[in-house]
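So you can see what is in the structure, the chains are spelled out below.
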Amino acid sequence: MKQKGIPNFSGKRIWLIGASSGIGEACAQALIKAGAKVALSSRRVERLNTLAALGNTEQSLVLPLDVTDDGQLKNSYQSILRTWGGIDLLLFVSGVYVPLRADNFDIDTAEQTIDANLLGPMRAVALVLPEMLKAHAGHIAIVSSVAGYSGLPKALAYGPSKAAIINFCETLYYDLLPLGVSVHMISPGFVATEATAQNDFEMPALISAQEAAAEILSGIENGEFDIHFPKRFSRFLKFLRILPYPIYFWIVRRFVKI
Ligand SMILES: NC(=O)c1ccc[n+]([C@@H]2O[C@H](COP(=O)([O-])OP(=O)(O)OC[C@H]3O[C@@H](n4cnc5c(N)ncnc54)[C@H](OP(=O)(O)O)[C@@H]3O)[C@@H](O)[C@H]2O)c1
């Protein structure tokens, strides 16, 4: 059994959370260009308004929210239901990255990261699932990271938040495949965005936000569950995680100089 894709985004109703910059912004631009209806969410409303102006007035909804606030998510989803009657795709891109190592580990930062990167997507999924299950249709796409595959330096809170998203998507896929709802788990490597601009090391296989958006949308078009890119980097990390720990840690220490 294979899950459905979205072969043509034109007219599809998409709730894009994390639309104001980076990968989410590039996805919004591509989706508006493809004729989709896009509900644009994140905190910075002025950026969402700029994106909305790219399409016609019927095409976009601007719904500013903070993913750590369940009430704001609920109000936004109610607005979408009132305006469009439902959604075809939840595309959850929003995420935060604060570099953390053992010598600066800070529980407040860890809690904020888990709240935004793990509980945020869970809140949105809890909202959209009932309608999708009723309709036996719909798509849930969540951006994780290759940093969730296995432990890497400087990711003491970010890594666990993304590893948990991978597990969440796997478990959702298991439940939803027989029920007609598609799940798309998205694991990017390094993408040039505001989030990675803070990195003080050379990022291997770095791609642009536009390239990342193209990979994401093509994966959803084709109904892929495991959307990972760029393959030259993500396949290498997938291979590393199946190695015995002594070899895995030797390779990481040898090649990751951060
Ligand atoms: N760039 C990479 O190399 C890379 C690699 C792997 C995975 N990822 C993942 O890709 C996703 C996008 O990252 P990016 O690199 O494009 O970063 P970015 O440019 O910093 O964008 C992050 C987006 O998330 C939104 N956001 C953050 N906290 C939010 C909150 N509490 N409520 C609502 N929206 C919030 C931001 O909007 P506001 O600030 O307007 O709220 C922004 O739209 C993230 O999940 C990230 O973990 C990125």
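See above for the structure.
Residues numbered from 1 in each chain as written. Predicted model: local features only at pLDDT ≥ 70, side-chain atom pairs only at ≥ 80, totals over all residues. Heavy atoms only, no water.

Chemist: Help me understand the pattern of salt bridges in this model?
Modeler: Note on pairing: side chains with opposite charge can pair once their charged atoms come close. Under the definition given, this model contains eight salt bridges. Notably, a salt bridge pairs Glu-194 with Arg-44, separated by 3.4 Å at the nearest N-O pair. Placement of Glu-194 in the loop between strand E7 (191–192) and strand E8 (207–208) and of Arg-44 in the loop between strand E2 (37–41) and helix H2 (45–52) is noted, with a sequence separation of 150 residues between them. Judged by relative accessible area, Glu-194 falls into the partly exposed class, the value being 45%. Residue Arg-44 is classed as partly exposed on the basis of its relative accessible area of 31%. With a closest N to O distance of 3.0 Å, Glu-194 and Arg-47 form a salt bridge. Taken as a pair, Glu-194 in the loop between E7 and E8 and Arg-47 in helix H2 lie far apart in primary sequence, 147 residues in all. (Salt bridge = Lys/Arg side-chain N within 4 Å of Asp/Glu carboxyl O. Helix = DSSP H or I, 4+ residues; strand = E, 2+ residues; numbered from the N terminus. Buried < 20%, exposed > 50% of the residue type's maximum accessible area, 1.4 Å probe, protein only.)

Chemist: Explanation requested: the site of the ligand in the structure shown.
Modeler: Near the ligand you find 29 residues, and of these Ser-20, Arg-43, Tyr-158, Val-191 and Thr-193 are the closest. Notes on the ligand: free accessible area 880 Å², of which the protein chains cover 93%. Every element with two or more residues in the shell around the ligand is listed here: helix H1 (22–33) and helix H5 (158–176). For the shell around the ligand, the class distribution of residues is 12 nonpolar, 12 polar and five charged. (Near = heavy atom within 4 Å. Areas by Shrake-Rupley, 256 points an atom, 1.4 Å probe, with all protein chains shown as cover. Nonpolar A, V, L, I, M, F, W, Y, C, P; charged D, E, K, R; others polar.)

Chemist: Whenever I open this one, H2 confuses me. Can you help?
Modeler: Side chains of residues three or four places apart in an α-helix project in the same direction, reflecting 3.6 residues per turn. Among all positions of H2, only Leu-48, Leu-51 and Ala-52 are buried. Relative to the axis of H2, the buried residues are bounded by an arc of 100 degrees and lie together on one face. Packing partners of the buried residues in H2 comprise H1, E2 and strand E3 (60–62). (Arc of directions from axis to C-beta. Contact = heavy atoms within 4.5 Å.)

Chemist: What is the right way to read the nonpolar core from this model?
Modeler: The nonpolar side chains of soluble globular proteins are, as a tendency, buried together. Counting residues in hydrophobic clusters, the biggest one holds 48 residues, and the most contacted among them are Trp-15, Ile-17, Leu-90 and Ile-140. A per-element tally of this core places helix H4 (residues 107–135) first, with eight residues. Non-local contacts of Ile-140, meaning those with residues more than four positions away in its chain, are made with Leu-90, Val-125, Val-128, Leu-129, Met-132, Leu-172, Leu-176, Val-181, Ser-182, Val-183 and His-184. Counting residues in each nonpolar core, the second largest holds 33 residues, with Ile-23, Ala-26, Val-143 and Ala-209 among its members. (Core = buried A, V, L, I, M, F, W, Y, C linked by side-chain atoms within 4.5 Å.)

Chemist: Just checking my understanding: could you explain unusual backbone geometry for this structure?
Modeler: Among all residues save glycine, negative phi is the norm, and among peptide bonds the norm is trans. In the segment running from Phe-229 into Pro-230, the intervening peptide bond is cis, with an omega of -15 degrees. Mapped onto the elements of the fold, Pro-230 is located in the loop between strand E9 (226–229) and helix H7 (231–240). The residue His-136 is not glycine, and still its phi comes out positive at about 50 degrees. Mapping His-136 onto the fold places it in the loop between H4 and strand E5 (139–143). His-136 gets classed as partly exposed once you look at its relative accessible area, which sits at 48%.

Chemist: Which parts of the structure should I look at to understand the packing of aromatic side chains?
Modeler: Note on aromatic pairs: each is described by the distance of the centres and the angle between the planes. In this structure the tally under the stated criterion is seven aromatic pairs. Aromatic pair Tyr-248 and Phe-249: ring centres 5.2 Å apart, planes at 70 degrees, arrangement edge-to-face. Over the aromatic face of Tyr-149 sits the side chain of Arg-241, whose NZ or CZ is 4.5 Å from the ring centroid. The positively charged end of Arg-254 is found above the aromatic ring belonging to Phe-255, 5.3 Å away from the centroid. (Phe/Tyr/Trp six-rings, centres within 6.5 Å; stacked < 30°, edge-to-face > 60°. Lys NZ or Arg CZ within 6 Å of the ring centre and 35° of its normal.)

Chemist: Sorry if this is basic, but what is going on with the state of the cysteines here?
Modeler: Any covalent bond linking the sulfur atoms of two cysteines counts as a disulfide. On inspection of all chains with the given rule, the structure shows zero disulfides. With no disulfide of its own, Cys-27 lies closest to Cys-169 among cysteine sulfurs, the gap being 15 Å. With a relative accessible area of 0%, Cys-169 lands in the buried category. (Disulfide = S-S within 2.5 Å.)

Chemist: Would you mind showing me how to read the packing of H1 against helix H6 (residues 209–221) here?
Modeler: Two packed helices can be described by the angle between their axes and the distance between those axes. Between H1 and H6, the shortest axis-to-axis distance is 8 Å and the interhelical angle comes to 65 degrees. For the element pair H1 and H6, the recorded crossing hand is right-handed. Touching Gly-22, Ile-23, Ala-26, Cys-27, Gln-29, Ala-30 and Leu-31 of H1 are Ala-209, Gln-210, Ala-212, Ala-213, Ile-216 and Leu-217, all from H6. Residue composition of the contact of H1 with H6, grouped by class: 10 nonpolar, three polar and no charged. (Axes fitted to C-alpha atoms, helices over the stretch in contact; angles between N-to-C directions. Left-handed = near helix turned anticlockwise from the far one by under 90°.)

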